[in-house]
Amino acid sequence: MMAYAIARQIYGNEIKMVCKAIQDAFFLPKRSWRKPLHEMAYEGLMSRKWTGIGLFTRQKELVAYLDYKRENDTWIEIGICLTIEKYRNQGYMQSLFRFLFDTYPNCSFRICTYEKNAAMIQCINRLGFRENHRLTNDRIDGTCTIYYTKTPIDEKEAPLAHQAN
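Just so you know, the residues in each chain are numbered from 1, in the order the chain's sequence is written. Local features in a predicted model are, by the rule used here, given only for residues with pLDDT of at least 70; side-chain atom pairs are given and counted only at 80 or more, and totals for whole chains, interfaces and linings are based on all residues. Values reported for side chains reflect all heavy atoms of the structure, with hydrogen atoms and water molecules removed beforehand.

(A) Looking closely at helix H3 (residues 92–103). Under the scheme used here, helices are H or I runs from DSSP no shorter than 4 residues and strands are E runs no shorter than 2 residues, and both carry numbers assigned from the N terminus. Expected span of a helix, by definition, is 1.5 Å for each gap between consecutive residues, and there is one gap fewer than residues. Under the 1.5 Å per step criterion, the end-to-end length of H3 is 17 Å for 12 residues, consistent within 8% with the ideal 16 Å. Every buried residue belonging to H3 is among Tyr-92, Met-93, Gln-94, Leu-96, Phe-97, Leu-100 and Phe-101, and all of these are buried. Residue burial is assigned from relative accessible area. The probe radius is 1.4 Å, only protein chains are included, and a residue is buried under 20% of its type maximum, exposed over 50%, and partly exposed in between.

Encoded structure:
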């Protein structure tokens, strides 16, 4: 059962809290990463190149987080997606995605994950993303990265796709 959570932008000292959560979680690195993910997240959020949004409990505990950057007026790249372990499998990440989609209803979105991240792939597919391409041997363990896109046209073709599963 989903607990009460508030979606909002990450501010101030919350950036350090989010970066600690990223550091504590498992993200399979890409070969191209020159720094740990939590350091890249910190730099991106502090520079405001990336915007972080989170779901928080009433007690201000982080439940789930994602960040994104506006590439232009029509495209948004989604970066890090993280649900705190004790809150996983309860639909929180889908809620954050829907919050983002509602904020930018006329934009297209792109996201990637690695091929063994079954939970994220399931979430992405439920939300109507379509696989765009794969980059082989992109991760440090030799697995590939899968890139997905979602456009407003996709949503018009199947507006209830996220409810079908």
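(B) Local environment of the nonpolar core. Take the buried residues of types Ala, Val, Leu, Ile, Met, Phe, Trp, Tyr and Cys, join any two whose side-chain atoms come within 4.5 Å, and each joined set is a nonpolar core. Membership of the largest hydrophobic core comes to 29 residues, with the highest contact counts inside it found for Leu-66, Ile-78, Met-93, Phe-97, Phe-109, Ile-111 and Phe-129. Elements supplying a minimum of two residues to this core: strand S2 (51–56), strand S3 (62–70), strand S4 (75–83), H3, strand S5 (108–114), helix H4 (118–126) and strand S7 (145–150). Top element by residues in this core is H3. It accounts for six residues. For Ile-78, the contacting residues outside a window of four places in its chain are Trp-50, Leu-66, Asp-67, Tyr-68, Phe-97, Leu-100, Phe-109, Arg-110, Ile-111 and Phe-129. Residues count as neighbours in contact if any of their non-hydrogen atoms are within 4.5 Å of one another.

(C) Spotlight on the side chain of Asp-138. Residue placement: Asp-138 occurs in the loop between strand S6 (130–135) and S7. The buried charged residue Asp-138 lacks any salt bridge partner; its closest oppositely charged side chain belongs to Arg-139, at an N-O distance of 4.2 Å. Under this definition, polar contacts are N or O atom pairs within 3.5 Å; protein pairs additionally need one hydrogen-donor-capable and one acceptor-capable atom, and for neighbouring residues in sequence, both atoms have to be side-chain atoms. In terms of polar contacts, Asp-138 uses its side chain to reach the side chain of Thr-145, at 2.5 Å. Residues in contact with Asp-138, not counting those within four places in the same chain, are Lys-30, Arg-31, Thr-143, Cys-144, Thr-145 and Tyr-147. For the purpose of charge, His is not counted, nor are the chain termini; Lys and Arg are scored as positive and Asp and Glu as negative. We define a salt bridge as a side-chain nitrogen of Lys or Arg found within 4 Å of a carboxyl oxygen belonging to Asp or Glu.

(D) Highlighting helix H1 (residues 14–24). Within H1 the residues assigned to the buried category are Glu-14, Ile-15, Val-18, Cys-19, Ala-21 and Ile-22. Viewed along the axis of H1, the buried residues span an arc of 155 degrees, placing them on a single side of the element. Turned more than 90 degrees off the buried face of H1, the exposed positions are Lys-16 and Asp-24. Contacts made by the buried residues of H1 are with strand S1 (6–9), helix H2 (37–46), S2, S3 and S4. As used here, the arc is the angular range of directions from the helix axis to the C-beta atoms.

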